[in-house]
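Summary of the model geometry
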Amino acid sequence: MFLAWRELVFARARFGLMGGVVALIAILVVLLSGLSTGLVNDGVSGLQRLPVTAFAFAEGTKTDSAFSRSTVNVDQAEAWKERQDVGDAAPFGNMLINAKATTSAGTQVPIDLALFGVEPGSFLAPAVSDGARLGDPDGLVVSQTVLDGGVSIGDTIVVDRLGTRFKVVGTTGDQRTFGHVDVAYLPLRTWQQVHAGAGPGDEVRDGAYEEATAIALRAKDGDRIDLSGGDAAAGTTSMTLEDSFSASPGYSAETSTLMLIQVFLYAISALVVGTFFTVWTIQRKHELAVIRAMGASTGYLMRDTMIQATVILTVSTAVGFLLGLGGGTLLTTTPMPFALEVAPLVFAALLLVGLGLAGAAAAVGRIVRVDPLAALGGQR
Amino acid sequence: MTTGSSTSPRPVARRADAKERGGLLVEGVTLTLGDGDATVTALDDVHLDVAPGEFVAIVGPSGSGKSSLLAVAGALTTPDSGRVLLDGVDISAASPREKARHRRERIGFVFQSGNLIPALTSLDQLRFALDVAGKRPGDGHDPRKLLERVGMGHRAGHRPHQLSGGERQRVGIARALVTRPAVLLVDEPTAALDRARSDDIVTLLAHETHESAVATVMVTHDHDVLGHCDRVLSMVDGRLTE
């Protein structure tokens, strides 16, 4: 620590430049983490907030686009309910619609909605923070983001082409979106009418009231559901809630793209720090030889360098994160899907520092190869 | 061979019992460098004993083996045969880790041009040497007093780039002595200094050798400074002669 701190102060311009690069990477990490979290929220927060352990889709359904392709019979829920590890099972309808909302001021607002059809009173029915609970056949309980878009409780929403009219009766009070579209809960029977393409006064085709997208499953407390056993009994193809996220439109592509960018950023960070300390060690080779000739152990020198790396990485990451949080806070006020959450940010910070230290550790391995004999003679 | 005069009394009586009383003892050391046809005998059956408080100079042409002798005596290189005793301890067959410990505890190096650490002030150079040696200030010399003793008290807060060549060497000498080593190994201390400063530095080395009762071996090309040494030895083709 004796030399480490003094060198940090003495070569502050050099260390400052390196710290600046790490701080810039940290800012990018914060922004990407916020974007990543925002996209996840935008893509699957509607699913995340369902009290569901797994979904059982129509037999043979692939993960990709499962919610738009699958149709199950509501009776299949009964087969699942009989399973010992299943606490509850209920039919769940999911579809995307285009509509227009007519506000109390009389203006019409185009709106896209992800309709979640659930049985009022079932475990899937949402709690409301404002307004009425789900129950009216034409009543919608909407995500808070719908209200943020200018729609109010009491406003009317008309489904394009069908002309079906809904009334916003309540809100969940939080963000619930699916595939970047705001979620609106409605009674399953009404969902089945819309899903069947029946407008007001239209005849609803046979079997429409027996259809749903999937059976939502909730495990008994402390249990894991035997999905393959249940599938065999109910004739379904099930997947856990987390696996079903990939069935949200665009979710896999978005998250994997962002993940790839973040992985590259972490790798770049480790390389930058490793390269800096490699050059730093090479530049100090004669000085290190002198110190080794004085009797300093390899551990002493490596410890000193790692302390320098820790200080630089910690300080620059902290500065970068603070700047990133400042910029990110501004982004949360824009329509961009951006959300700052503590856990992913702390994880990202630790990963950035940890990989940077790994890069520095790989670089300072050169210290082992510095021959103290080089201290003799007139190299300096 | 003993040449010239010294600024301090000669420790001739001490020389005979170097082995018993500490200091440096090199016995029949041979060192070869290179492989195959390129093999060079750097040290050829070298014997050297330097008693505590004795200042020995080794002169010789480039490539004669002077630096190799410093490397062997300073636990930087392992000889092919022979023994090296530092302060009564045989370091010939020590492991690299043990050698580093011997350098910390028993050896002080004075390098060409001082070889000071650029980031450290003069005072910190000495504190750093104590830190490397794992010694508390009370275990070695008081760094500030030692700096004053070598005439650098007024430059305690200056870094190497703010010092002249002679001042850097003075700080280097203080750094080598601050841990109270048994043996002081000095590598061409006047290589980059003018005549007057060279004389000052070697006078200081002689004084500190006697003051600190350290066994000092100085390798040099500079024949003008040999008058301050207790003994002068010549090295030619790896062989040491008095």
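Bear in mind that the values here come from a model prediction, so they are computed numbers and not experimental data.

Let's shift gears to the overall build of chain A. Tallying secondary structure elements over chain A gives 12 helices and 13 strands in all. Projected onto its principal axes, the C-alpha coordinates of chain A cover approximately 100 × 55 × 30 Å. For chain A, buried positions account for 50% of its 380 residues. For chain A, the exposed area adds up to about 16,700 Å²; of that, 58% sits on carbon and sulfur atoms. Distance from the positive charge centre (26 side chains) to the negative charge centre (35 side chains) of chain A: 16 Å.

A tally of regular secondary structure across chain B gives eight helices and 10 strands. Taking 18 Å as the expected radius of gyration for a compact globule of 242 residues, we find that chain B reaches 17 Å, a close match to that expectation. Counting only C-alpha atoms and orienting by the principal axes, one finds that chain B spans roughly 50 × 40 × 40 Å. Per-residue burial over chain B gives 57% buried out of 242 residues. Restricting the contact set of chain B to residue pairs at least 6 apart, pairs at least 24 apart contribute 73%.

Right, let's get into the interface of chain B and chain A. Tallying the contact residues gives 28 residues for chain B and 23 residues for chain A. When residues of chain B are sorted by the area they lose upon contact with chain A, Leu76, Asn115 and Phe128 of chain B head the list and together hold 23% of the total. Joining chain B to chain A, the criterion identifies one salt bridge. One salt bridge in this structure joins Arg6 of chain A and Asp124 of chain B, with 2.9 Å as the shortest N-O distance. On the surface where chain B and chain A come into contact, there are seven residue pairs in polar contact (both at pLDDT 80 or more). The set of elements that each furnish at least two residues to the side of chain B that touches chain A consists of helix H3 (66-73), helix H4 (96-106) and helix H5 (122-132) of chain B. For the side of chain B that touches chain A, the element with the highest residue contribution is H5 of chain B, accounting for six residues.

A separate point is the sheet that holds strand S2 (residues 40-50) of chain B. Residue and element names in this part refer to chain B. Strand order across the open sheet formed by four strands is S2-S1-S4-S5, with antiparallel pairing between neighbours. Strands with a single pairing partner mark the edges of an open sheet, and in this sheet they are S2 and strand S5 (89-90). As paired elements, strand S1 (residues 24-33) and S2 share seven bridges and run antiparallel to each other. Bridged to Thr32 within S2 is Thr41.

Moving on, we come to the nonpolar core. One finds Leu24, Leu48, Ile58, Phe128, Leu147 and Met218 of chain B to be the most contacted residues of the largest nonpolar core, which totals 88 residues. Not counting the four nearest positions on each side in its chain, Ile58 of chain B is found in contact with Leu48, Lys66, Leu69, Val217, Met218, Val219, Thr220, Leu233, Met235 and Leu240 of chain B.

Across the interface, helix H1 (residues 2-10) of chain A lies against H5 of chain B with an axial gap of 10 Å and an inter-helix angle of 145°. Contact with H1 of chain A, carried on its side by Phe2, Leu3 and Arg6 of chain A, involves Asp124, Arg127, Phe128 and Asp131 of chain B of H5 of chain B and no other residues of that element. Grouping the amino acids of the contact of H1 of chain A with H5 of chain B by side-chain chemistry returns three nonpolar, no polar and four charged.

Moving on: the packing of aromatic side chains. Residue and element names in this part refer to chain A. This structure, assessed with the given rule, holds 18 aromatic pairs over all chains. For the ring pair Phe67 and Phe178, a centre distance of 5.3 Å and an interplane angle of 80° mean the geometry is edge-to-face. Of the two residues, Phe67 sits in helix H3 (residues 66-69) while Phe178 sits in strand S9 (residues 177-178), which places them 111 residues apart along the sequence. The pair Phe67 / Phe178 is uniform in exposure class, with both members buried.

Residue and element names in this part refer to chain B. With mixed pairing, six strands are arranged side by side in an open sheet as S6-S7-S8-S3-S9-S10. If you trace the sheet from one side to the other, it starts and ends with strand S6 (107-110) and strand S10 (239-241), each paired once. Across the sheet, the axes of successive neighbouring strands diverge by a mean angle of 20°, strand direction being ignored. Pairing between strand S7 (residues 183-187) and strand S8 (residues 215-220): five bridges, direction parallel. Bridge pairing links Leu184 to Thr216 in S8. Of the strands in this sheet, strand S3 (55-59), S6, S7, S8, strand S9 (231-236) and S10 touch H3, which is tilted by about 150° from S7. Each of S3, S7 and S8 is contacted by helix H8 (residues 195-212), which is oriented at about 140° to S3, the strand it contacts most.

Under the counting rule described, the total for this entry stands at one cavity of 30 Å³ or more. The computed volume of the largest cavity comes to approximately 140 Å³. Contributing to the lining of the largest cavity are 14 residues, with Met294 of chain A together with Ile107, Ala129, Arg175 and Thr179 of chain B lying nearest its centre. Those elements giving two or more residues to the lining of the largest cavity turn out to be H4, S6, H5 and helix H7 (165-177) of chain B. Looking at the lining of the largest cavity element by element, the count peaks at three residues for S6 of chain B.

Let's shift gears to a negative patch on the surface. Residue and element names in this part refer to chain A. A surface patch of like charges, here negative, comprises Asp75, Asp202, Glu203, Asp206 and Glu210. In this fold, Asp202 is placed in the loop between helix H6 (188-195) and strand S11 (211-212). Taking relative accessible area as the criterion, Asp202 reaches 44% and is therefore assigned partly exposed.

As a further point, take the confidence of the model for chain B. All names here are of chain B. Across chain B, pLDDT averages 86, with 90% of residues at or above 70. Between the elements of chain B, mean pLDDT differs from a low of 44, seen in helix H1 (residues 12-15), to a high of 95, seen in S3. For the stretch residues 1-20, pLDDT sits under 50, and the model shows 56 contacts to residues farther than four places along the chain or on other chains. The ipTM value of the predicted complex is 0.86, and its pTM value is 0.75.

Bringing the environment of Phe116 of chain A into the picture now. All names here are of chain A. Along the chain, the position of Phe116 falls in strand S4 (residues 108-118). Judged by relative accessible area, which is 0%, Phe116 ranks as buried. Put simply, Phe116 and Thr305 are 189 residues apart on the chain and 57 Å apart in space, counted from C-alpha to C-alpha. Excluding residues that lie within four positions of it along the chain, Phe116 makes contacts with Gly46, Leu47, Leu50, Phe92, Gly93, Asn94, Phe178, Val183, Ala184, Tyr185 and Leu186.

As a further point, take the packing of H7 of chain B against H8 of chain B. Relative orientation and spacing of two packed helices are given, respectively, by the angle between their axes and the distance between those axes. Residue and element names in this part refer to chain B. Where H7 meets H8, the axes come as close as 10 Å, and the angle between the chain directions of the two elements is 15°. As judged from the angle between their axes, H7 and H8 are roughly parallel. Every pair of crossing elements has a handedness; the one defined by H7 and H8 is right-handed. Residue-level contacts link Gly166, Gln169, Arg170, Ile173 and Leu177 of H7 to Arg197, Asp200, Ile201, Leu204, Leu205, Glu208 and Ser212 of H8. Of the residues that constitute the contact of H7 with H8, the class distribution is five nonpolar, three polar and four charged.

Conventions used here
- Residues numbered from 1 in each chain as written.
- Chains lettered and ligands numbered in written order.
- Predicted model: local features only at pLDDT ≥ 70, side-chain atom pairs only at ≥ 80, totals over all residues.
- Heavy atoms only, no water.
- Helix = DSSP H or I, 4+ residues; strand = E, 2+ residues; numbered from the N terminus.
- Buried < 20%, exposed > 50% of the residue type's maximum accessible area, 1.4 Å probe, protein only.
- Areas by Shrake-Rupley, 256 points an atom, 1.4 Å probe, with all protein chains shown as cover.
- Lys, Arg positive; Asp, Glu negative; His and termini not counted.
- Charge placed at Lys NZ, Arg CZ, Asp CG, Glu CD.
- Rg over C-alpha atoms; globule rule 2.2 N^0.38 Å.
- Contact = heavy atoms within 4.5 Å.
- Buried area = accessible area lost by both parts, 1.4 Å probe.
- Salt bridge = Lys/Arg side-chain N within 4 Å of Asp/Glu carboxyl O.
- Polar contact = N/O pair within 3.5 Å; in protein donor to acceptor, adjacent residues only side chain to side chain.
- Pairing = 2+ DSSP bridges.
- Core = buried A, V, L, I, M, F, W, Y, C linked by side-chain atoms within 4.5 Å.
- Axes fitted to C-alpha atoms, helices over the stretch in contact; angles between N-to-C directions.
- Nonpolar A, V, L, I, M, F, W, Y, C, P; charged D, E, K, R; others polar.
- Phe/Tyr/Trp six-rings, centres within 6.5 Å; stacked < 30°, edge-to-face > 60°.
- 1 Å grid on protein atoms, 1.4 Å probe; cavity = no way out; pocket = protein on both sides within 12 Å on 5 of 7 lines; lining within 4 Å.
- Points joined across faces, edges and corners; volume = space filled by probe spheres on them.
- Patch = residues over 30% accessible without salt bridge, like charges linked within 9 Å, V, L, I, M, F, W, Y side chains within 5 Å.
- pLDDT = per-residue confidence, 0-100.
- Parallel < 35°, antiparallel > 145°, perpendicular 65-115°, else oblique.
- Left-handed = near helix turned anticlockwise from the far one by under 90°.

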